[in-house]
Number of protein chains: 2
Amino acid sequence: MESNAKETVNSDLLKERQRCTFDTLELTHLLDGGPEKTAERREREIFFLDDPELKFKTPPEYLSHQDKYGEAIRLSCVLFRKIQELQKEGKAGIANYREILGGQIGSAIMKDGNPLTLHYVMFIPTVMGQGTYEQQAEWIQKAWNCDIVGTYAQTELGHGTFIRGLETTATYDPKTEEFVIHSPTLTSYKWWPGGLGHTANYAVVVAQLNTLGKCYGIHSFIVQLRDEETHKPLPGIKIGEIGCKLGMNTTNNGYLGFDNVRIPRKQMLMKNNKVLKDGTYVESPSSKLTYGTMMFVRVVIVQDAADYLKKAVIIAIRYSCVRRQSQPKPDEPEPQILDYITQQYKLFPLISTYYAFRYSATWLWDMYNNVSSELEAGMLDQLPELHALACCLKAISSTDAALGIEMCRLACGGHGYMMSSNLPTTYGLVTAMCTYEGENTVLLLQTARFLMKAWQIKVDGQKLTPTVEYLQSARDTVYQRNVHWIISTLQYVAARKIELAWQHMNERIQKGISSEDAWNQTSIELTAAAEAHGRAFIVSMYCTTMEDIKKTVSKPLRLVLIQLLDLYGITTAFKCLGDILRFTKATGADIEDLQLWLEELLTLLRPNAVGLVDSFDVRDEVLSSALGAYDGNVYERLFEEASKSPLNSEPVHKSFDRYLKPFLKSQL
Amino acid sequence: MESNAKETVNSDLLKERQRCTFDTLELTHLLDGGPEKTAERREREIFFLDDPELKFKTPPEYLSHQDKYGEAIRLSCVLFRKIQELQKEGKAGIANYREILGGQIGSAIMKDGNPLTLHYVMFIPTVMGQGTYEQQAEWIQKAWNCDIVGTYAQTELGHGTFIRGLETTATYDPKTEEFVIHSPTLTSYKWWPGGLGHTANYAVVVAQLNTLGKCYGIHSFIVQLRDEETHKPLPGIKIGEIGCKLGMNTTNNGYLGFDNVRIPRKQMLMKNNKVLKDGTYVESPSSKLTYGTMMFVRVVIVQDAADYLKKAVIIAIRYSCVRRQSQPKPDEPEPQILDYITQQYKLFPLISTYYAFRYSATWLWDMYNNVSSELEAGMLDQLPELHALACCLKAISSTDAALGIEMCRLACGGHGYMMSSNLPTTYGLVTAMCTYEGENTVLLLQTARFLMKAWQIKVDGQKLTPTVEYLQSARDTVYQRNVHWIISTLQYVAARKIELAWQHMNERIQKGISSEDAWNQTSIELTAAAEAHGRAFIVSMYCTTMEDIKKTVSKPLRLVLIQLLDLYGITTAFKCLGDILRFTKATGADIEDLQLWLEELLTLLRPNAVGLVDSFDVRDEVLSSALGAYDGNVYERLFEEASKSPLNSEPVHKSFDRYLKPFLKSQL
């Protein structure tokens with residue numbers, strides 16, 4: 001999708017832009033963190049996105065699986081070379097890596113996954129986090145220079161979220177001072193790691209450590225997979241790719257089995273626990289230290305989910321201003337579909353969802369950094385709270401973003417179903433987030449476990465930590481048309497749901513049911529309670545953040561931003577309507593007023609819809625959508641994209657002579 | 001996915017089957033309509049699914065877009081040849097066509113769409129429905145013998161659901177007695193018709209008819225697109241495929257533009273309206289007669305949605321019995337994931353959803369046939385009611401089935417994301433139903449229009465038709481733990497929502513807002529009211545049908561079927577919880593009891609979960625899923641499928657030498 005390929009901008013979009021009541025550049029700067037940050041981001045985008053080498057020669061969806069992989073390798077090598085250029089200039093910080101590998105630039109270039117991402121995102125960080133200084137010295141330089149390319153092999157065919165259940169074994173042999181890595185069963189084959197199929201030549205492998213006849217649980221090992229010169233799999237390494245998926249088809253997810261593969265002792269990552277030469281196991285004082293990476297990824301997912309949702313909503317809103325449909329009034333032209341209230345109701349809340357998730361992600365990121373430095377200092381107090389929140393925010397943001405993207409796609413009608421809308425691919429990438437790095441239901445139950453403890457603390461009259469303090473203070477208050485009422489009501493509802501789940505679980509235990517079975521039997525209510533907790537948190541954090549932002553922005557912008565916050569509050573309240581009516585004194589009349597307020601806000605936001613999505617300042621290459629480009633030349637672009645189909649390069653496909661003609665000409 | 005490829009059945013599944021408390025064959029016969037019907041269906045499945053010619057040589061997801069199309073053409077020609085064989089034996093009724101083309105057999109063979117389907121499903125029926133006897137004589141024989149292959153070209157790049165807005169013109173030229181078919185704009189290009197890209201050589205084209213300087217709205221014309229011998233596009237025909245989509249990538253959806261293409265006058269389909277030689281337009285007495293086809297397709301969608309959902313839930317339930325995860329109790333093995341209540345809550349309601357949709361579809365089908373014969377006799381009375389119900393049932397069933405399939409996919413964790421689970425493809429096919437044949441929101445608004453009229457009839461004290469009679473009779477009754485309370489409560493809620501929307505619309509009109517704008521401003525509530533109406537109908541129809549079925553089945557089966565009905569009722573009630581609490585006297589205690597009832601039902605259904613999905617008697621080839629096969633050899637099959645990836649045919653992909661090695665070996 002070339003940007004600025006067309007010279008004229010669609011006249012409907014022009015009008016929309018003239019209607020906008022605030023300065024879109026002000027909002028762009030606010031979102032970037034200041035004009036310099038905007039300039040920096042744009043420069044980085046130019047560096048990557050204007051490079052003609054960094055484009056698929058044919059859109060990947062038309063290629064065979066093998067050719068798609070070949071193109072992905074070509075692109076990711078060019079991409080990494082450019083990252084190395086930035087490194088040399090000292091411009092490639094961690095934030096940039098995220099942006100380039102997992103974020104907007106990366107997905108604009110690679111479209112459907114990068115086979116080299118795990119090298120930077122998991123292999124290097126794991127060696128850094130879990131390796132001794134000697135190990136870091138040996139491996140990081142090679143990895144950083146890309147002399148070797150690594151991946152992270154944890155998940156197995158039979159075990160995902162429950163990592164204690166992993167079956168791969170690493171058995172220490174003191175005679176040779178080696179570990180023997182082995183796959184005892186079919187289900188113990190590693191399955192899923194990105195880049196594992198045909199790309200990486202090394203991997204961090206997670207396996208059950210056995211030494212001197214005893215199993216010490218899972219540990220990490222560096223294992224060479226392929227010859228560095230020929231790339232052929234080494235003896236005992238059974239490796240390949242796992243096949244096509246709903247999305248991420250250029251990630252080269254692989255499988256890996258070991259037939260008694262021997263590695264030197266020093267390739268166990270030993271920053272924390274160690275195995276000495278004689279096979280003695282030496283335990284680290286804190287086993288929670290390895291917790292970090294997993295939590296880091298969950299924190300990142302919240303922001304990524306928001307970013308993908310943002311792309312989808314830009315596409316859907318611009319398209320909805322260009323697309324016209326039906327003729328409610330016989331003498332007037334067909335309205336832009338964004339003038340239908342049902343369409344506004346589908347899309348406007350999703351703009352505000354971006355802000356809501358973003359501010360929760362920011363808070364989470366700050367807390368993560370906070371907790372990480374405390375961890376280094378041996379303080380673990382805040383860890384459970386961070387963990388609990390990271391779990392439910394990851395679950396809610398990935399679920400809602402995936403649903404929101406599908407909402408955008410469906411709101412674009414048939415054309416949203418086209419790959420050239422980029423909405424299907426976006427959905428494929430985001431729905432995967434619901435499963436990886438902890439399946440969402442499992443994560444909600446982890447949050448619930450924290451909440452049950454918190455409720456017990458409340459019952460015991462102890463002091464609650466900040467994010468659950470509301471369990472004590474929440475009150476059922478009389479309806480008022482403002483977001484503060486919504487927040488306190490959501491908190492009150494969350495408290496009641498947590499209390500009820502706690503109560504039902506304890507009732508079951510008192511009946512003689514084991515605590516594990518009681519937990520399971522109460523788990524529908526437990527997950528719902530965790531979700532309610534997370535939703536109340538998100539609205540409240542959004543509101544808190546806006547309190548600060550309000551003070552710094554111009555009045556026209558402030559007005560719009562507050563409308564968005566209110567809209568998010570209302571739509572969350574409607575999501576929780578059953579609970580609100582069940583647990584609070586809110587009445588039918590209150591709900592009617594909420595509904596009116598909702599409808600008013602949609603109308604107020606309507607003129608600024610395009611301005612709001614323009615402010616996100618996402619380049620056409622990043623949107624990568626025939627429906628969403630800045631110029632709004634939707635139909636021209638749909639045609640242009642169709643013309644790229646190799647099927648259209650010839651008027652008659654060879655299957656006509658081979659199959660169709662003989663069939664048509666045959667006599668029954 | 002070969003059936004019976006493995007000799008042993010997974011031991012967990014064996015145990016599940018032993019636990020089943022009812023005779024699965026009894027249920028299979030019930031679902032088929034008797035043992036003979038089961039035998040017939042199985043025979044038909046053997047005829048098609050055991051044919052080695054009717055299998056993709058490589059799974060389509062690995063092929064380039066062009067090769068995928070070539071394989072699809074090969075398969076669909078073989079498939080149609082076999083249908084012709086059946087025809088000769090007199091065994092191919094309409095129901096069989098549906099099964100073979102759109103239904104389970106068709107999707108098992110073609111996987112992701114058939115480029116020839118519209119020939120039978122739209123081209124032939126349209127010519128039959130809208131052609132004169134002479135036209136039928138001329139065209140049907142050729143089409144039936146497959147001497148020509150047709151499609152149906154209605155939707156344009158700029159116009160979908162709103163067909164009055166179509167732009168293609170057919171202008172009559174009395175001098176030559178021809179119509180001139182023309183595409184005046186880019187947006188007037190036909191876009192989407194299946195098989196149009198490179199397959200069909202004829203099409204029924206829907207265009208605005210102009211004669212003697214006046215436009216008479218849309219009419220249908222038979223237009224030849226390609227030379228019958230060479231298959232080359234005829235002069236003035238601009239044709240190609242529209243590119244890749246989220247799904248249906250072997251449907252060969254095409255675009256089509258006309259540059260003043262001339263066709264003989266007799267190629268306008270003139271059963272109803274006519275253009276005489278001199279250009280005089282002669283109108284038919286009843287313009288509603290062409291309504292039929294569109295309604296027919298919507299009726300079919302409800303059943304198709306149910307069938308696809310059925311496949312997904314079979315896959316997810318079998319997998320959930322084989323997959324084990326976590327270790328809640330330290331001394332016990334990892335539980336089957338179906339033992340987690342949250343998993344049961346995700347999946348069991350979807351089994352019952354199949355029944356619910358199926359019985360609504362059956363009712364709709366009967367009413368459709370009923371109304372069709374009345375239409376032939378000139379009676380139009382029941383048409384609005386059928387139309388209103390077909391619209392909201394299509395919308396609800398396609399939406400819920402798509403969400404349900406995604407629920408199944410996500411419930412299978414990472415492996416659900418594999419194409420070899422067949423869940424992604426299934427979702428792709430079903431989510432398309434939300435858009436085609438009338439976009440769901442638009443359809444709900446059509447139902448709402450009927451409901452607003454119905455409420456006015458109620459207000460006026462006139463007699464209501466059967467499906468809205470409850471607007472008069474529904475009462476708010478005291479909670480009882482049974483499905484009848486749920487039905488009457490849902491009806492009461494629907495009535496209140498309809499009333500409220502009606503009231504709000506009229507308030508707006510009284511404020512001086514035009515009726516069109518008032519309609520739009522009330523449309524969030526209107527769609528919600530239509531949905532409530534549809535949901536109440538579905539549960540009530542499910543219950544009514546079960547009243548009859550209960551009498552004919554054995555006691556063990558009856559028990560399970562009633563549990564399913566109850567479960568569907570409860571989950572619907574929970575979906576509408578906000579409304580129930582808003583409009584009725586149901587209390588928090590009632591909801592607690594509903595929750596307990598739900599949890600009890602899940603526990604009661606657990607031992608029969610596999611029995612229930614086995615009873616659907618869906619062959620492995622139809623499921624086409626590594627996760628869902630009858631033998632439950634999930635992990636072996638996942639591996640077997642991965643081994644089919646052409647990327648795995650060589651240990652080192654050529655991109656290593658070309659791109660990756662130079663990159664790894666380069667010095668910074």
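Residues numbered from 1 in each chain as written. Chains lettered and ligands numbered in written order. Predicted model: local features only at pLDDT ≥ 70, side-chain atom pairs only at ≥ 80, totals over all residues. Heavy atoms only, no water.

Participant: Help me understand the sheet that holds strand 4 (residues 190–191) of chain B, please; the structure alone is not making it clear to me.
Facilitator: Note on sheets: strands pair through backbone hydrogen bonds, and any given pair is parallel or antiparallel. Pairing is antiparallel in the open sheet, where 3 strands are placed in the order 4-8-7 (chain B). Looking along the sheet, the strands with just one partner apiece sit at the ends: strand 4 and strand 7 (237–241) of chain B. (Pairing = 2+ DSSP bridges. Helix = DSSP H or I, 4+ residues; strand = E, 2+ residues; numbered from the N terminus.)

Participant: In this structure, what is going on with the pairing of strand 9 (residues 261–264) of chain B? I would like to understand it.
Facilitator: The two faces of the sheet receive side chains in turn, since in a regular strand these alternate between them. Residue and element names in this part refer to chain B. Here strand 9 shows a clear split, with V261 and I263 buried on one side and none of R262 and P264 buried on the other. By the bridge criterion, 4 bridges tie strand 3 (residues 178–182) to strand 9 in an arrangement that is antiparallel. By the bridge assignment for strand 9, E178 is matched with P264. (Buried < 20%, exposed > 50% of the residue type's maximum accessible area, 1.4 Å probe, protein only.)

Participant: Can you help me understand the packing of aromatic side chains in this one?
Facilitator: Pairs of aromatic rings are described using the distance from one ring centre to the other and the angle between the two planes. With the rule as written, the count across this model stands at 51 aromatic pairs over all chains. The interplanar angle of 85° and the centroid separation of 5.0 Å between the aromatic rings of B:F47 and B:F48 together place this pair among those described as edge-to-face. Using a relative accessible area of 0% as the deciding quantity, one classes B:F48 as buried. In textbook terms, an aromatic cluster arises when at least three aromatic residues are bridged by ring pairs, as seen for A:Y354, A:Y355, A:Y359, A:Y542, A:Y568 and A:F616. The ring of A:W519 has A:R449 lying over it, and the distance from NZ or CZ to the ring centre is 4.0 Å. (Phe/Tyr/Trp six-rings, centres within 6.5 Å; stacked < 30°, edge-to-face > 60°. Lys NZ or Arg CZ within 6 Å of the ring centre and 35° of its normal.)

Participant: Teacher, can you tell me more about the interface of chain A and chain B here?
Facilitator: When the parts of a complex come together, some accessible area is lost, and that lost area is often used as the size of the interface. Across the contact, 141 residues belong to chain A and 141 residues belong to chain B. Interface of chain A and chain B: buried area, both sides summed, is about 11,900 Å²; carbon and sulfur atoms make up 62% of it. The interface formed by chain A and chain B holds 10 salt bridges in total. Its salt-bridge partner being B:K329, residue A:D517 comes within 3.0 Å of it at the nearest N-O pair. Scanning the region where chain A abuts chain B turns up 54 residue pairs in polar contact (both at pLDDT 80 or more). Of the residues forming the side of chain A that touches chain B, the biggest block, 13 residues, is contributed by helix 4 (residues 65–88) of chain A. Its residues assigned to classes, the side of chain A that touches chain B comprises 60 nonpolar, 47 polar and 34 charged. (Contact = heavy atoms within 4.5 Å. Buried area = accessible area lost by both parts, 1.4 Å probe. Salt bridge = Lys/Arg side-chain N within 4 Å of Asp/Glu carboxyl O. Polar contact = N/O pair within 3.5 Å; in protein donor to acceptor, adjacent residues only side chain to side chain. Nonpolar A, V, L, I, M, F, W, Y, C, P; charged D, E, K, R; others polar.)

Participant: When you look at the relation of the copies chain A and chain B in this model, what are you seeing that I'm missing?
Facilitator: Mapping between the two copies of the chain is achieved by a rotation about an axis and a shift along the axis. In the superposition of chain A on chain B (RMSD 0.0 Å, axial shift 0.0 Å), the rotation amounts to 180°. Within this description, the copies of the chain are treated as partners about a two-fold rotation axis. Most of the interface of chain A is mirrored in chain B, where 100% of its interface residues again form contacts. (Least-squares fit on C-alpha atoms with pLDDT ≥ 70 in both.)

Participant: Please explain the sheet that holds strand 4 (residues 190–191) of chain A as it appears in this structure.
Facilitator: Residue and element names in this part refer to chain A. Taken in spatial order, the 3 strands make up an open sheet running 4-8-7, and their pairing is antiparallel. Edge strands, defined here as strands with exactly one partner in the open sheet, are strand 4 and strand 7 (237–241). As paired elements, strand 7 and strand 8 (residues 254–258) share 5 bridges and run antiparallel to each other. Within strand 8, the position partnered with K238 by the bridge is G257.

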